[in-house]
Amino acid sequence: MRSGPPPALPEWRVEEYSALPSTQELIRQRLAAGEDVDGLVVRAAEQPAGRGQRAKPWASGPGGSYQSFALKDRWEGALSRPAITLLLAVHLAEALREAGARVSVKWPNDLYLGSGKVGGILSELLRSHLVVGVGMNVDNEVPAGAGALVGWELAYVNTLVLEAASACLSAAVLAGDTTAAELPTRLAPLDFLSGRTVVVRTARGDVSGRAAGVAADGALVVATQEGKVALHSGTVLSWESVAE
């Protein structure tokens, strides 16, 4: 049994590149090769082969914030909790709101500014390491309808993202299950889907109903005609307001 305080997070080691196919893939490759990636942050000014959740392609042009980082889980599984991605999104949205952007969190890993996606988070547990990629639209070209932090300094956004991630992971390590228990309450004022009718594609089929927040483990709660169900994974295919 461990005694004393848990180990602190390591100091970040930041590497910056003018272009990479994917910051996430570079860390994955180094980890697979046996390199020390604990505390490594990889940033790129652009990444033409970026990827999001479920390996969806996400081309990221110049002007946006694109970075990935890795941490070895030396805290008895604290970084493997199922809600870790949503916790990261909540901390980042809170930090962005404090900085002046009314960002919301769309389950399970997207950030929205108004009605447009402004960022996304990809987290993977690989070889006892949590590997997280965060992309934010800033002054890059974005698809029609997407959001962006236009006019924000890119260096400021890069730092804000990393500081928010550090705060989240420190809390997950120090507070453990208490942090997860607070997730439904902390997400509530940031919840993009809450109260909307949604269609969610899961491995067992599509689920339709009204989004009703999340459980402490990060599962999306959907009120269907048969009752409330908790979805631990899935893709939100569509959403709309309950009262138009």
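Below is a short write-up of the structure. (Residues numbered from 1 in each chain as written. Predicted model: local features only at pLDDT ≥ 70, side-chain atom pairs only at ≥ 80, totals over all residues. Heavy atoms only, no water.)

So, on to the overall build of the protein. From N to C terminus, the protein includes five helices and 12 strands. By the burial criterion, 49% of the 244 residues in the protein qualify as buried. If you take every contact in the protein between residues at least 6 apart in sequence, the share linking residues at least 24 apart comes to 65%. Accessible area of the protein: about 11,600 Å², with a carbon and sulfur share of 51%. (Helix = DSSP H or I, 4+ residues; strand = E, 2+ residues; numbered from the N terminus. Buried < 20%, exposed > 50% of the residue type's maximum accessible area, 1.4 Å probe, protein only. Contact = heavy atoms within 4.5 Å. Areas by Shrake-Rupley, 256 points an atom, 1.4 Å probe, with all protein chains shown as cover.)

All right, on to the nonpolar core then. Grouped together as the largest cluster of nonpolar side chains are 56 residues, with contacts concentrated most on Leu-92, Leu-96, Leu-111, Met-136 and Leu-169. Contact partners of Leu-169, with chain neighbours within four places excluded, come to Leu-9, Phe-69, Leu-71, Leu-79, Ile-84, Leu-88 and Leu-130. Counting residues in each nonpolar core, the second largest holds 10 residues, with Leu-20, Val-37, Ala-44 and Ala-70 among its members. (Core = buried A, V, L, I, M, F, W, Y, C linked by side-chain atoms within 4.5 Å.)

Our focus in this paragraph is unusual backbone geometry. Across the junction of Trp-107 and Pro-108, the peptide omega takes the value 5°, indicating a cis bond. Assignment of secondary structure puts Pro-108 in the loop between strand S4 (103-106) and strand S5 (110-113). The residue Ser-128 is not glycine, and still its phi comes out positive at about 65°. By secondary structure assignment, the location of Ser-128 is in the loop between strand S6 (116-126) and strand S7 (129-136).

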